[in-house]
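This is what each chain is made of:
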Amino acid sequence: MSKADQARFDRYVAAPDKNGCREWTGSVTQKDGYGQFRQGDKVRPAHIVSYEFAHGPVQDGLVLLHTCDNRRCVNPEHLKPGTQAANVDDMVQKDRAVIQGTTLSKAEVAQARKRVAAGESQQDVAASFGVSDSSMSRYLLNQRFAHSGRDGKGRPGGQ
Ligand SMILES: [Zn+2]
């Protein structure tokens, strides 16, 4: 992040509240209430930008979890990388498939597909799930996830 970007970012960060949360005062997504920050020609989730600035990039395949459950919070100390699995129940995890080391459940792929269909950019959706843009493309194109058959075992694309 450039110095100018950082200065612009800081203008949208509120002083810590009683929980130490630093809430994003800029625009948030209507869908899920996460802060948005424009960086160059991309709009990215503000909490991810904040975390990356403090700690470096989040490993591919991991998502950032709010330890404070406050989606507007961009305090890097309240964010920790984890798997999306932490947010979904066991039922969904059983249907987990692996695409090149990055995992999304069928339910997550269905959600991602819906969001893209509703006009959100694939990049934003990919970022919010903590996967790379190219991984997300594979998920969205993978027909295995389009229908929820029982065959969840094989590796996608292996026919
Ligand atoms: Zn917080």
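The rules we used
Residues numbered from 1 in each chain as written. Predicted model: local features only at pLDDT ≥ 70, side-chain atom pairs only at ≥ 80, totals over all residues. Helix = DSSP H or I, 4+ residues; strand = E, 2+ residues; numbered from the N terminus. Contact = placed C-beta atoms within 7 Å. Buried ≥ 20, exposed ≤ 12 C-beta atoms within 10 Å, placed from the backbone. Arc of directions from axis to C-beta. Axes fitted to C-alpha atoms, helices over the stretch in contact; angles between N-to-C directions. Parallel < 35°, antiparallel > 145°, perpendicular 65-115°, else oblique. Nonpolar A, V, L, I, M, F, W, Y, C, P; charged D, E, K, R; others polar. Pairing = 2+ DSSP bridges. Core = buried A, V, L, I, M, F, W, Y, C linked by C-beta atoms within 7 Å. pLDDT = per-residue confidence, 0-100. Left-handed = near helix turned anticlockwise from the far one by under 90°.

(A) Inspection of the overall build of the protein at higher detail. Looking only at helices and strands, the protein has six helices and six strands in total. Secondary structure of the protein in N-to-C order comes out as α-β-β-α-β-β-α-β-β-α-α-α. Restricting the contact set of the protein to residue pairs at least 6 apart, pairs at least 24 apart contribute 48%.

(B) A look at helix 6 (residues 133-141). By the burial criterion, the buried members of helix 6 are Ser135, Met136 and Tyr139. The buried residues of helix 6 occupy an angular sector of 100° when projected down its axis, which confines them to one face. Every exposed residue of helix 6 that faces more than 90 degrees away from the buried side is listed here: Ser134 and Leu141.

(C) Looking closely at the packing of helix 5 (residues 122-129) against helix 6. Here helix 5 crosses helix 6 at 100°, and the two axes come no closer than 9 Å. If you check the angle between helix 5 and helix 6, you find them roughly perpendicular. Across the interface between the two elements, Gln122, Gln123, Val125 and Ala126 from helix 5 touch Asp133, Ser135, Met136, Ser137 and Leu140 from helix 6. Of the residues in the contact of helix 5 with helix 6, the class split is four nonpolar, four polar and one charged.

(D) Spatial organisation of the pairing of strand 1 (residues 36-39). Alignment of strand 1 against strand 2 (residues 42-45), held across four bridges, turns out to be antiparallel. The partner of Arg38 across the bridge, within strand 2, is Val43. Where strand 1 hands over to strand 2, the hairpin turn is made up of two residues, of which Gly40 adopts a positive phi near 60°.

(E) Summary view of the nonpolar core. Residues Ala46, Ala112, Ala126, Phe129 and Met136 are the most contacted members of the largest nonpolar core, which totals 23 residues. Residues contacting Ala112, with those up to four places away along its chain left out, are Val125, Phe129, Met136, Tyr139 and Leu140.

(F) Region of interest: unusual backbone geometry. The residue Asp69 is not glycine, and still its phi comes out positive at about 60°. Within the fold, Asp69 resides in the loop between strand 3 (63-66) and strand 4 (79-82). Here Asp69 falls in the exposed class, since 10 other C-beta atoms lie within 10 Å of it.

(G) Just helix 5, in detail. The element helix 5 is extensively covered by neighbouring structure, given that six of its eight residues are classed as buried. The complete set of buried residues in helix 5 reads Asp124, Val125, Ala126, Ala127, Ser128 and Phe129. Phi turns positive, to about 75°, at Gly130, one or two residues after helix 5.

(H) Structural context of the confidence of the model for the protein. Predicted confidence across the protein gives a mean pLDDT of 81, with 78% of residues reaching 70 or more. Taking the mean pLDDT of every element in the protein, the minimum, 40, falls on helix 3 (residues 90-94) and the maximum, 94, on helix 2 (residues 46-55).

(I) Looking closely at the packing of helix 4 (residues 106-117) against helix 5. The N-to-C vectors of helix 4 and helix 5 enclose an angle of 150°; their axes lie 9 Å apart at closest approach. By the criterion of interaxial angle, the relationship of helix 4 to helix 5 is roughly antiparallel. Between helix 4 and helix 5 lies a crossing whose hand is right-handed. Across the interface between the two elements, Glu108, Ala112, Arg115 and Val116 from helix 4 touch Gln122, Val125 and Phe129 from helix 5. Across the contact of helix 4 with helix 5, the residue classes tally to four nonpolar, one polar and two charged.

(J) Examining the environment of Gln59 more closely. The residue Gln59 is located in the loop between helix 2 and strand 3 in this model. Gln59 sits 71 residues away from Gly130 along the chain, and the two C-alpha atoms are 8.2 Å apart.

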